[in-house]
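Close look at the chain arrangement
Residue strings, one per chain:
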Amino acid sequence: MSSIGRKLKRQKQKNEGTLIHKKVIARKFGCSVPDLNKRLARREKNLKELEDTDHGKE
């Protein structure tokens, strides 16, 4: 993504109030931003799997 594209995306998130400062979050977790991205992706995957198994039992 070009720098202009990133800036526009960031500005849109800022206006909507959904901007997440990943660098700050990563520092709180004591990891780097790429590691944080991996953790968040794994968390989303696990949550989706849990939802799928819950719906299958009902």
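Looking now at the environment of Phe29. Summarising the element assignment, Phe29 is placed in helix α2 (residues 22-29). Residue classification places Phe29 among the exposed positions, given a relative accessible area of 52%. Here Phe29 is in contact with Leu36 and Arg39, once residues within four sequence places are set aside.

Moving on, we get to helix α1 (residues 3-16). In this model, α1 (14 residues) spans 20 Å end to end at C-alpha, consistent with the 20 Å of a helix rising 1.5 Å per residue. Judged by how many residues are buried, α1 sits mostly at the surface: 0 of 14 residues are covered. Phi for Gly17, located one or two positions after α1, is positive at around 80 degrees.

To continue, consider a negative patch on the surface. Together, Glu44, Glu51, Asp52 and Asp54 make up a negatively charged patch on the protein surface. Structurally, the position occupied by Glu44 is in helix α3 (residues 33-57).

About the criteria used
By convention here, each chain's residues receive numbers from 1 onward along its written sequence. Two thresholds apply to this predicted model, a pLDDT of at least 70 for residue-level local features and 80 or more for giving and counting side-chain atom pairs, whereas whole-chain, interface and lining totals are computed over all residues. Side-chain numbers come from the whole structure's heavy atoms, not from hydrogens or water. Segments assigned H or I by DSSP are reported as helices when at least four residues long, segments assigned E as strands when at least two residues long, and all are numbered from the N terminus. Residue burial is assigned from relative accessible area. The probe radius is 1.4 Å, only protein chains are included, and a residue is buried under 20% of its type maximum, exposed over 50%, and partly exposed in between. Every residue pair with non-hydrogen atoms within 4.5 Å of one another is taken to be in contact. Take the residue count of a helix, subtract one, and multiply by 1.5 Å to get its expected span. For patch detection, residues must exceed 30% relative accessible area and be free of salt bridges, and they are connected within 9 Å for like charges or within 5 Å for nonpolar side chains (Val, Leu, Ile, Met, Phe, Trp, Tyr). All accessibility values rest on the Shrake-Rupley procedure with a 1.4 Å probe; residue burial counts only the protein chains present in the view. Salt bridges are identified by distance alone: a Lys or Arg side-chain nitrogen within 4 Å of an Asp or Glu carboxyl oxygen. Think of it this way: Lys and Arg go in the positive column, Asp and Glu in the negative one, and His and the chain ends go nowhere. Charge positions come from single atoms, namely NZ of Lys, CZ of Arg, CG of Asp or CD of Glu.

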